[in-house]
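Spelled out, the chains give:
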Amino acid sequence: MKKEWFTISVYAENNVGLLNRISGIFLKRHINIESLNVSKSEIENVSKFTIVVNTTEDWTRKIVQQIEKQIEVIKAFFHDDDEIIYQESALFKVASHLLFDERQIQNIIKESNSQIVTVSRDFFVLAKSGRRHEIDEMHEALLPYGIMQFVRSGRIAVSKAEMPISKLLKNFYQD
C-alpha cells in the first residue's frame, strides 16, 4: 500500500493527558504527526482534534481504532484529502525595506492572495490562508529575500459528507 495524506478527526472530552496518550499511539508505530489542531467542536463540551498524517490507509485505520479505545474519545474518523475541505494559515515576518525596495515582493503578495497584517519600521507581517502547497509556494517565493520568522498553523478541516457524530452527540448531550 502506498502512503497518502489522511486527516483524522477525533471527538473527545478534552481531559488532561489525552493528547499525550493519542500522540503515544503514533509514536509506537513510528508515524509522524504532520499537523495537529485542537479546538471546540460544534457540540458543547466536546473538543475536536484534527490530526494530519502521511501513511497507508491500513495504518490510519489501525490508529483510529486505537484512538477510539481511549476512554475520553467519543468517536474518531479518518478522511483522505478529497473527502474534506481544509485550510492552513501561516504568518511570514519579512524585513520592511523589501516591501518598498523589491517590486517582486509586492507581486508575491498580490499573486498569493496574502494580507499584510502589520508594518513597522523594521519588519512587516504577511498572513496567508490556503492549502499546504499554496503556503509552501509562498514560502519558496519569499525565501530568496529572507524570511525573519515563519509559523504555520495546524490544519483545520470539515468533511464534505455529513458527520454522523453531530446528530449522535446532540441527542446524547441534550438528554
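Residues numbered from 1 in each chain as written. Predicted model: local features only at pLDDT ≥ 70, side-chain atom pairs only at ≥ 80, totals over all residues. Heavy atoms only, no water.

## What about the pattern of salt bridges?
This structure, assessed with the given rule, holds 8 salt bridges. For K75, the salt bridge identified is with E68, shortest N-O distance 3.3 Å. Among the residues examined, K75 registers a relative accessible area of 32% and is labelled partly exposed. Across the pair E88 and R152 runs a salt bridge whose closest N-O atoms are separated by 3.2 Å. A residue pair is termed long-range when its members are at least 10 positions apart, and E88 in strand β5 (residues 84-95) and R152 in strand β8 (residues 149-152) qualify at 64 residues. Each of E88, R132, D136 and R152 takes part in a single network of salt bridges with overlapping partners. (Salt bridge = Lys/Arg side-chain N within 4 Å of Asp/Glu carboxyl O. Buried < 20%, exposed > 50% of the residue type's maximum accessible area, 1.4 Å probe, protein only. Helix = DSSP H or I, 4+ residues; strand = E, 2+ residues; numbered from the N terminus.)

## Focus: the UniProt feature "domain: ACT" (unreviewed entry) in the protein
This chain's UniProt record puts "domain: ACT" (unreviewed entry) on residues 7-87. The span residues 7-87 carries 28% helix and 43% strand; its end-to-end C-alpha distance comes to 12 Å. (UniProt positions renumbered as here; feature names shortened; annotations may be inferred.)

## Regarding the side chain of K48
Tracing the backbone shows K48 in strand β3 (residues 47-55). The side chain of K48 sits in the buried core without any salt bridge; E42 is the nearest counter-charge, 5.7 Å away. Polar side-chain contacts of K48 include one of 2.9 Å to the backbone oxygen of A157. The contact partners of K48, leaving out residues within four places of it in the chain, are S9, V10, Y11, N37, V38, S39, K40, S41, A157 and V158. (Lys, Arg positive; Asp, Glu negative; His and termini not counted. Polar contact = N/O pair within 3.5 Å; in protein donor to acceptor, adjacent residues only side chain to side chain. Contact = heavy atoms within 4.5 Å.)

## Points about the sheet that holds strand β4 (residues 73-80)
With respect to topology, 4 strands assemble into an open sheet ordered β2-β3-β1-β4, the strand pairing being antiparallel. The sheet is open, and its two edges are formed by β2 (33-40) and β4, each paired on a single side. Between one strand and the next, the sheet's axes are offset by a mean angle of 15 degrees, whatever the strand orientation. Contacts from helix α1 (residues 18-28) reach β1 (4-12), β2, β3 and β4 within the one sheet, and its direction differs from that of β3 by about 15 degrees. (Pairing = 2+ DSSP bridges. Axes fitted to C-alpha atoms, helices over the stretch in contact; angles between N-to-C directions.)

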